[in-house]
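# Coordinate inspection notes
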Amino acid sequence: FLEGMYLKYNEKAAEKGVYVIGSCGFDSIPADMGVLYTRDKLKGTLTAVESFLTVKSGPEGSCIHDGTWKSAVYGLADQDNLRKLRKKIGYAPVPVVGAKLKRRGLVFYNQEFKEYSIPFMGSDVSVVKRSQRYLHTELQETPVQYGAYVNIGGLGSVIKLMFAGILFLLLVKFSFGRKLLIKYPEFFSAGRFTKKGPTQKQMDGTSFTMTFFGEGYSEGQDLQNGKPNVKICTEVKGPEPGYVATPIAMVQAAVSLLEDAACLPKGGGVYSPGAVFSKTKLIERLNKRGVEFSVISKPEV
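For the structure given in this document, a descriptive report is provided here. (Residues numbered from 1 in each chain as written. Predicted model: local features only at pLDDT ≥ 70, side-chain atom pairs only at ≥ 80, totals over all residues. Heavy atoms only, no water.)

## A short note on the overall build of the chain
Just so we agree on the cut-off: Secondary structure is summarised from DSSP: a helix means a run of H or I of at least four residues, a strand means a run of E of at least two, and numbering begins at the N terminus for each. The globule rule used here is 2.2 Å times the number of residues to the 0.38 power, and the radius of gyration it is set against is calculated over C-alpha atoms. For every residue, the accessible area (1.4 Å probe, protein chains only) is compared with the maximum for its type, and the residue is labelled buried under 20%, exposed over 50%, or partly exposed between those bounds. Residue contacts follow a heavy-atom distance rule, with two residues in contact if any of their heavy atoms lie within 4.5 Å. The accessible surface values rely on the Shrake-Rupley method and a 1.4 Å probe; as for residues, cover is taken only from the protein chains in view.
What the chain contains, in helices and strands, is twelve helices and eleven strands. Computed over its C-alpha atoms, the radius of gyration of the chain comes to 20 Å, within 12% of the 19 Å expected for a compact globule of 301 residues. With the C-alpha coordinates of the chain rotated into their principal frame, the extents come out at 55 × 45 × 40 Å. The proportion of buried residues among the 301 residues of the chain is 43%. For the chain, contacts bridging at least 24 residues in sequence account for 81% of all contacts bridging at least 6. A total accessible area of about 16,800 Å² is found for the chain, and carbon and sulfur atoms account for 58% of it.

## Details of helix α10 (residues 241-259)
Heads up, the condition is: Given the number of residues in a helix, its expected span is that number minus one, multiplied by 1.5 Å. Picture the helix axis, draw a direction to every C-beta atom, and the arc is the one those directions span. For the purposes of these results, a polar contact is taken to be a pair of N or O atoms within 3.5 Å, where, inside protein, one atom must be able to donate a hydrogen and its partner to accept one; residues adjacent in sequence count only when each atom of the pair is a side-chain atom.
The end-to-end C-alpha distance of α10 is 25 Å, a good match for the 27 Å that 19 residues give at a rise of 1.5 Å each. All buried positions along α10 are accounted for by P241, A245, T246, I248, A249, Q252, A253 and S256. Along the axis of α10, the buried positions cluster into a sector of 160°, meaning they face one direction only. Structurally, α10 contributes buried residues whose contacts are with α2 (29-41), β2 (45-56), β8 (207-217), β9 (230-239), α11 (273-277) and α12 (282-288). Its side-chain oxygen at 3.2 Å from the backbone nitrogen of G242, E240 defines the N-terminal cap of α10.

## A word on the sheet that holds strand β6 (residues 145-153)
Inclusion rule: Here, a strand pair is defined by DSSP locating no fewer than two bridges between the strands. Convention adopted: a line fitted to C-alpha atoms gives each axis, helices being fitted over their contacting stretch, and angles between N-to-C directions are expressed from 0 to 180 degrees.
Overall, mixed pairing links the seven strands, which are arranged β4-β5-β6-β2-β8-β9-β11 in an open sheet. Looking at the sheet topology across the chains shown, the edges are occupied by β4 (108-110) and β11 (292-297). Between one strand and the next, the sheet's axes are offset by a mean angle of 30°, whatever the strand orientation. Across the sheet, helix α6 (residues 155-172) lies against β5 (115-119) and β6, angled at about 105° from β6, the strand it touches most. Its contacts with the sheet place α10 against β2, β8 and β9, and it is angled at close to 105° to β9.

## Examining unusual backbone geometry
In this model, D27 is joined to S28 through a cis peptide bond whose omega is 10°. Take S28: it is sitting in the loop between β1 (19-21) and α2. One non-glycine residue, S23, lies in positive phi territory at about 50°. Residue placement: S23 occurs in the loop between β1 and α2. The buried category is assigned to S23, whose relative accessible area is 14%. In this structure, Q140 takes a positive phi of about 55° despite not being glycine. Relative to the helices and strands, Q140 is located in the loop between α5 (124-139) and β6.

This is the structure:
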């Protein structure tokens, strides 16, 4: 959807001087602005970042509305069309600067958090990549490589998730399977996704933390030779992601669009959040509204 909108409307929006900005909710403002925040806090040049999402729920537990579930069903079913779409757009490749960021496995034990992690299945990585491509081609900024992961807990959680994931991937390939997944979200997600969505108590007890581990090169270091020699850890944390943090992010993005007009890209177009808001006060605004960006550990050479 996001990249389809770019293909359809980017030129028209540019002609009319209109800004169209997708993914201004939990996906993908914490990730996209978090990478830029990490870059701006590093003394030197940031070349790679990995983020780890942790969602905590209270005694009432948590659940998600089945709209998100449907997005996952249709999104996975539509993967081949995304490849075709990207060919049509004809993106210029984003150069890799500094040491290449290694891709991690489908499930791995994370020493930092002492739990298992998996790749984040949302659109964060492609949104960040679009922002980095724009900032590199239009503003000649050093592009940052990015990997996104989510922490899932202990071995029991891994086993449950693997069974659910295999079943999901098998069913999503066929229209009959997709119908089943959409008709019975609670059954196939072990109660995680429901047609009712979360209760107020569940929302009140839920919060998220996104931790960013960045690496790069100190000033004067050769970016193409040698290992990264500076590291930094930052964090974005906030209330329940889907129904509390998302509207905060969306409203503050709109306010930034109105009040920071002088800091926006010169022309209209279809943009990702990082591309359009990188020079605005969006992060300051979010900090005041409960979606907080902070540095956890300063870079050490």
